[in-house]
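Letter by letter, the chains look like this.
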Amino acid sequence: DDDGLVQRYVMALFYFSTGGDDWTRCSRDPVESECDDGIVELSDVPNERRFLSGSHECEWMGVKCEGTAVTSIQFEMNNLVGTIP
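Residues numbered from 1 in each chain as written. Predicted model: local features only at pLDDT ≥ 70, side-chain atom pairs only at ≥ 80, totals over all residues. Heavy atoms only, no water.

**What about the side chain of S53?**
Here is step 1 of the chain: Structurally, S53 is set in the loop between α1 (2-17) and β1 (63-66).
Here is step 2 of the chain: Here S53 falls in the buried class, since its relative accessible area comes to 12%.
Here is step 3 of the chain: Polar side-chain contacts of S53 include one of 3.1 Å to the backbone oxygen of R50.
Here is step 4 of the chain: When residues no more than four places from it in sequence are discounted, the contact partners of S53 are R8, N47, E48 and W60. (Helix = DSSP H or I, 4+ residues; strand = E, 2+ residues; numbered from the N terminus. Buried < 20%, exposed > 50% of the residue type's maximum accessible area, 1.4 Å probe, protein only. Polar contact = N/O pair within 3.5 Å; in protein donor to acceptor, adjacent residues only side chain to side chain. Contact = heavy atoms within 4.5 Å.)

**Concerning the pairing of strand β2 (residues 69-73)**
Here is step 1 of the chain: Relative to β2, β1 runs antiparallel, the two sharing four bridges. Residue pairing across strands places K64 opposite S72, the latter belonging to β2.
Here is step 2 of the chain: Connecting β1 to the antiparallel partner β2 that follows it, the hairpin turn spans two residues, and G67 within it adopts a positive phi of roughly 70°. (Pairing = 2+ DSSP bridges.)

**Points about the pattern of salt bridges**
Here is step 1 of the chain: Evaluated as defined, the whole model comprises two salt bridges.
Here is step 2 of the chain: For the salt bridge of R8 with E57, the shortest nitrogen-to-oxygen distance reads 2.6 Å. Taken together, the residues R8 in helix α1 and E57 in the loop between α1 and β1 connect sequence positions 49 residues apart.
Here is step 3 of the chain: Among the salt bridges present, the one from R28 reaches D21, with a minimum N-O distance of 2.8 Å.
Here is step 4 of the chain: What makes R28 partly exposed here is its relative accessible area of 42%.
Here is step 5 of the chain: Using a relative accessible area of 36% as the deciding quantity, one classes D21 as partly exposed. (Salt bridge = Lys/Arg side-chain N within 4 Å of Asp/Glu carboxyl O.)

Here is the structure:
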């Protein structure tokens, strides 16, 4: 649906605008960063918690949702740089 496509685009924009490839946790590259947020995994495959993975954005680490709508992103000490769009 169009809302889901726009939401995914905005999340990708957030990732790239804040230096996501250099994040210390849960960047898209499993070799570069750990993806253990200390809570029970929402998925059997931890890599699905990574930003830009094929899973729904609501399963990505640090993303909070109401239903399927992202309501907040909660990151502390994850090496974000740049401007939040």
